[in-house]
Amino acid sequence: MLTGGYLVAEVVGSLITDSLALLSDAAHMMTDVMGLVIALVATKIGERPADFKRTFGYRRFEILAAALNASALFIVAFYILYEAWQRFFHPAEIASTGMLVIAVLGLVVNLISMKVLQGGHDNLNLKAAYAEVMADMLGSAAVILAAIIIKLTGWQQVDPVMAVLIGLWVLPRTWALLSESVHILLDGVPSGMEMQSLMDDLKTLPGVEDVHELHVWAITSGQNSLTAHLVVKQLPTDNHLLEKAQHVAEQHNIHHTNFQFELSGCNHSNNCAGSVKHRH
């Protein structure tokens, strides 16, 4: 709530003071606020049950929203870079006092947020949030420095210089968010997944001669799925091999699987004698 309130104040303040650095810092904070909003909304929507129209439910809403968020941030960032280029040649008159007040307010908000999150370093989510707030604090410090320089020297170009530096700070994070979101939407292999190692582990299972049609993807972040055909000499008569295959998948952080057994010598043109499927 503190960060969201200050984001609004910073956008309004950038319009009043004509400070591009404030607007750039607001774009940086927007990544944090939108991330929290997306997480909250996606949690609610993701709770909706699956149906015959969407058999995986609505869990991918988080990824779609993140991709849209990153795309919007790219547009804002490139606008800031373009505007900064224009202001190098035609400096705007910056209301440095108002700019300084808003930036100091942002620094205070970030310090409060850091104090609230300080005890959560054993929690990965809180640790990540603490790092984001630290980055926001550095952005506020950069705007404060720019406001002081303008007030003492009258050098207006420092505002677009700081705006560019903050924008360049935001772009790599935004690109990483967009790339990850598009990768998931394209059913790409989850980050950190070693496909060759997974295939080798499945091939070591007793009775398994080969593995093909191996597909691994993520429905949303942290929820990995797998389908695979296990080639065997003889179709199993119990669930022992399925359980071992599931155990291998779980060792690779995959908890939703669909295995199919095929007799060796079968191909897609043959009519194989039965198969066994397992979904967990």
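Data block above holds the structure.
Residues numbered from 1 in each chain as written. Predicted model: local features only at pLDDT ≥ 70, side-chain atom pairs only at ≥ 80, totals over all residues. Heavy atoms only, no water.

A. Just the overall build of the protein chain, in detail. From N to C terminus, the protein chain includes eight helices and four strands. In the protein chain, the succession of helices and strands from N to C terminus is α-α-α-α-α-α-α-β-β-α-β-β. A burial count over the protein chain gives 41% of its 280 residues as buried. Long-range contacts, defined here as pairs at least 24 residues apart, represent 67% of the contacts in the protein chain between residues at least 6 apart. Of the accessible surface of the protein chain, which amounts to about 15500 Å², a share of 64% is contributed by carbon and sulfur atoms. (Helix = DSSP H or I, 4+ residues; strand = E, 2+ residues; numbered from the N terminus. Buried < 20%, exposed > 50% of the residue type's maximum accessible area, 1.4 Å probe, protein only. Contact = heavy atoms within 4.5 Å. Areas by Shrake-Rupley, 256 points an atom, 1.4 Å probe, with all protein chains shown as cover.)

B. Broad picture of the nonpolar core. Core analysis: the largest hydrophobic core is formed by 23 residues, its most contacted members being M99, V143 and M162. Per-element accounting of this core gives the leading share, six residues, to helix α5 (residues 124–153). Here V143 is in contact with A21, L22, D25, M99, A103 and I166, once residues within four sequence places are set aside. Residues V211, L214, A228 and V232 belong to the second largest nonpolar core, which totals 21 residues. (Core = buried A, V, L, I, M, F, W, Y, C linked by side-chain atoms within 4.5 Å.)

C. Layout of the packing of helix α3 (residues 61–89) against helix α6 (residues 158–185). Direction vectors running N to C along α3 and α6 enclose 155°, while the axes themselves pass 8 Å from each other. Viewed along their axes, α3 and α6 adopt a mutual orientation that is roughly antiparallel. The handedness of the crossing between α3 and α6 is left-handed. Per-class residue counts for the contact of α3 with α6 are 22 nonpolar, four polar and two charged. (Axes fitted to C-alpha atoms, helices over the stretch in contact; angles between N-to-C directions. Parallel < 35°, antiparallel > 145°, perpendicular 65-115°, else oblique. Left-handed = near helix turned anticlockwise from the far one by under 90°. Nonpolar A, V, L, I, M, F, W, Y, C, P; charged D, E, K, R; others polar.)

D. Geometry of the packing of aromatic side chains. Tallied over the entire structure, the rule returns three aromatic pairs. When the centroid spacing of 5.9 Å and the interplanar angle of 20° are considered together, the rings of F74 and F78 count as stacked. On the criterion of helical spacing, the pair formed by F74 and F78 is a turn pair, its members being four residues apart in helix α3. F78 sits in the partly exposed class, given a relative accessible area of 49%. Their ring planes at 75° and their centres at 5.1 Å tell us that W85 and F89 sit as a pair that is edge-to-face. Of this pair, W85 and F89 are both found in helix α3, four residues apart, which corresponds to roughly one turn of the helix. (Phe/Tyr/Trp six-rings, centres within 6.5 Å; stacked < 30°, edge-to-face > 60°.)

E. A look at α6. Helix length check: α6, at 28 residues, gives a terminal C-alpha distance of 40 Å against a target of 40 Å (1.5 Å per residue), a fit within 8%. Once α6 ends, the next one or two residues include D187, with phi positive near 60°. (Expected span 1.5 Å × (residues − 1).)

F. Representation of the side chain of T220. Tracing the backbone through its elements, the reader meets T220 in strand β1 (residues 208–220). Setting aside residues up to four positions removed in sequence, T220 forms contacts with R59, E62 and I63.

G. Structural context of unusual backbone geometry. The phi dihedral of D187 is positive, around 60°, even though this residue is not glycine. Along the chain, D187 falls in the loop between α6 and α7 (195–203). On the basis of relative accessibility, which here comes to 41%, the residue D187 falls in the partly exposed class. Phi at N253 is positive, roughly 65°, even though this residue is not glycine. Topologically, N253 is positioned in the loop between α8 (240–251) and β3 (256–263).

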